[in-house]
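Chain residues, written in single-letter form:
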Amino acid sequence: MNRLVTAAITAAMALSGAAQAEVLTIEGMAPAHSPEFAEIGSLSIERFGGSDGRALAFELEDRLSAVNIHDEPYFVVIGGRSAVQPDATLSGNVTAGVEEYETTAKRRRCVERNDKGKCVTHKNIKVDCLTRIIDYRAQVRATRYSDGRSLYAESFPDKQEQTICFGDDEDFASSESVIRNMVSQTAGAVRNDLAPREYRQDIRILESRKGMSKVEGNFFKAAIRMTKSDPAEACRMWDEAANNGQEHVSLTFNRGLCAEQRGDLETALILYEEADRLAPGKSEVTQSLRRVSDHRRASEEWELRRSATS
């Protein structure tokens, strides 16, 4: 086999292995966008007016009923008439208008063909077109049942414009499917507003050894290789390096990831703050600081909810 080909295959295999070994898997929780709902245990889906209000009501009932946090249902969703009084009610309105009008636009078209039917000359020419605009607007409100206080009020405007010209190879997507997708996106946004989200995410470790001594760099690199087969051992090795007095942004950040992976958010936050001091503004560090802060807030809201609804 050609040596260059062999070298290329070897390099590709090495890169593939490195890609698998360069991450630690983090499990966490992102907070709801509306913390007021931390104390709301049950919801009733009330009237949603407008042309597509009924569709959104059904979608919200499905989405909110399916929310589970730590394998526990987050909401009790009460449908239809019930003797049970909910903690809060959801209502709203959805309208979607469809407008079409004729227009013109420039398109590249064949203007000359040879005797075999093959196009030999293309030009940009004006052609007749039809533009369709779907204008969508949803409004969703949540009211606390006990005192009528408004807990949540959001609007979800959306618009899709599509122009199809004579000779185009495409056609309009059906208005029904476009509106159905808009309704689904609205329901997803409301779900994220009202309830936290659990996640499992692969976060890339930092590998730069710039500034390390040769001995420090080799030990650090050996720990990186361990992340594929034994992440706990890699974390132990990084802790050992830090205990021996080594200080480096990659080492500190990776130790933060290790702490976050084992659920020690306080230590993770301290280490990420230290990494930020060593390399201010580094995007990986900034994102991790935000992620851990959000996880802590979500955990605090979850504990508040459990105490309020128990």
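One can find the structure itself at the top, above this paragraph.
Residues numbered from 1 in each chain as written. Predicted model: local features only at pLDDT ≥ 70, side-chain atom pairs only at ≥ 80, totals over all residues. Heavy atoms only, no water.

(A) Quick look at helix 5 (residues 231-243). In a regular helix each residue adds 1.5 Å, so 13 residues correspond to 18 Å; helix 5 covers 18 Å between its end C-alpha atoms and thus fits that length. When helix 5 is considered as a whole, its buried residues turn out to be Ala 234, Cys 235, Met 237, Trp 238 and Ala 241. Looking straight down helix 5, one finds its buried side chains confined to an arc of 160°; they lie on one side. In this structure, helix 5 carries Ala 232 and Asn 243 as exposed residues pointing more than 90 degrees from its buried face. Check the buried side of helix 5 and you find it contacts strand 1 (23-30), helix 4 (214-229) and helix 6 (249-261). Within two residues after helix 5, Gly 245 carries a phi angle of roughly 95°, on the positive side. (Helix = DSSP H or I, 4+ residues; strand = E, 2+ residues; numbered from the N terminus. Expected span 1.5 Å × (residues − 1). Buried < 20%, exposed > 50% of the residue type's maximum accessible area, 1.4 Å probe, protein only. Arc of directions from axis to C-beta. Contact = heavy atoms within 4.5 Å.)

(B) Expanded view of the sheet that holds strand 2 (residues 42-49). The sheet built from 5 strands is open, its strands ordered 5-2-6-7-8 with mixed pairing. The sheet is open, and its two edges are formed by strand 5 (76-78) and strand 8 (150-165), each paired on a single side. Sheet twist, expressed as the average angle between the axes of neighbouring strands with direction ignored, equals 30°. Across 5 bridges, the pairing between strand 2 and strand 6 (residues 88-113) is parallel. Of the residues in strand 6, the one forming a bridge with Ile 45 is Leu 90. Across the sheet, helix 2 (residues 53-65) touches strand 2, strand 5, strand 6 and strand 7 (119-144), and the angle it forms with strand 2 is around 165°. Strand contacts of helix 3 (residues 175-194): strand 6, strand 7 and strand 8, with the helix running at about 150° to strand 8, the strand carrying the most contacts. (Pairing = 2+ DSSP bridges. Axes fitted to C-alpha atoms, helices over the stretch in contact; angles between N-to-C directions.)

(C) Layout of helix 7 (residues 265-278). For helix 7, with 14 residues, the first-to-last C-alpha span of 20 Å sits near the 20 Å given by 1.5 Å per residue. Among the residues of helix 7, Leu 265, Ala 268, Leu 269, Leu 271, Tyr 272 and Ala 275 are the ones counted as buried. In an axial view of helix 7, the angular spread of the buried residues amounts to 170°, which keeps them on one side of the axis.

(D) Spotlight on empty space enclosed by the protein. Within this structure, the stated rule accounts for 1 cavity of 30 Å³ or more. The calculated volume of the largest cavity comes to roughly 40 Å³. Along its surface, the largest cavity is lined by Ala 32, Ser 34, Pro 35, Phe 37, Ala 38, Tyr 74, Pro 196, Glu 301 and Trp 302. Taken together, the residues of the lining of the largest cavity break down into 7 nonpolar, 1 polar and 1 charged. (1 Å grid on protein atoms, 1.4 Å probe; cavity = no way out; pocket = protein on both sides within 12 Å on 5 of 7 lines; lining within 4 Å. Points joined across faces, edges and corners; volume = space filled by probe spheres on them. Nonpolar A, V, L, I, M, F, W, Y, C, P; charged D, E, K, R; others polar.)

(E) How the structure looks around the layout of surface pockets. Considering only enclosed or pocket space, the largest pocket measures out at about 230 Å³ in volume. Considering the residues around the largest pocket, the lining is formed by 16 residues, among which Gln 201, Ile 203, Gln 287, Ser 288 and Arg 291 are closest to the centre. Mapped by element, the contributors of at least two residues to the lining of the largest pocket are strand 1, strand 9 (197-204) and helix 8 (283-309). Looking at the lining of the largest pocket, the element that brings in the most residues is helix 8, giving 6 residues. Its residues assigned to classes, the lining of the largest pocket comprises 6 nonpolar, 4 polar and 6 charged.

(F) Molecular detail of the packing of helix 6 against helix 7. Interhelical geometry of helix 6 versus helix 7 gives an angle of 160° and a closest axis separation of 8 Å. Compared by their axis directions, helix 6 and helix 7 come out roughly antiparallel. Where helix 6 crosses over helix 7, the two elements pack in a sense that is left-handed. Contact with helix 6, carried on its side by Val 249, Thr 252, Phe 253, Arg 255, Gly 256, Leu 257, Ala 259 and Glu 260, involves Leu 265, Thr 267, Ala 268, Leu 271, Tyr 272, Glu 274, Ala 275 and Leu 278 of helix 7 and no other residues of that element. Residue composition of the contact of helix 6 with helix 7, by class: 10 nonpolar, 3 polar and 3 charged. (Parallel < 35°, antiparallel > 145°, perpendicular 65-115°, else oblique. Left-handed = near helix turned anticlockwise from the far one by under 90°.)

(G) Quick peek at the pairing of strand 8. When strand 7 meets strand 8, the two strands line up antiparallel, connected through 15 bridges. Residue pairing for strand 8: Arg 132 is matched across the bridge by Gln 162. Here strand 7 folds back onto strand 8 in antiparallel fashion, the turn holding 5 residues, of which Gly 148 has a positive phi close to 75°.

(H) Main features of the nonpolar core. Among the nonpolar cores identified, the biggest contains 37 residues, and Phe 37, Leu 56, Phe 75 and Leu 90 are the most heavily contacted of them. Looking at this core, the elements with two or more residues in it are strand 2, helix 2, strand 6, strand 7, strand 8, helix 3 and helix 8. With 7 residues, helix 3 is the largest single contributor of residues to this core. Residues contacting Phe 37, with those up to four places away along its chain left out, are Leu 43, Tyr 74, Phe 75, Ala 142, Leu 151, Tyr 152, Leu 194 and Arg 305. (Core = buried A, V, L, I, M, F, W, Y, C linked by side-chain atoms within 4.5 Å.)

The values reported here are purely geometric and, on their own, carry no functional implication.
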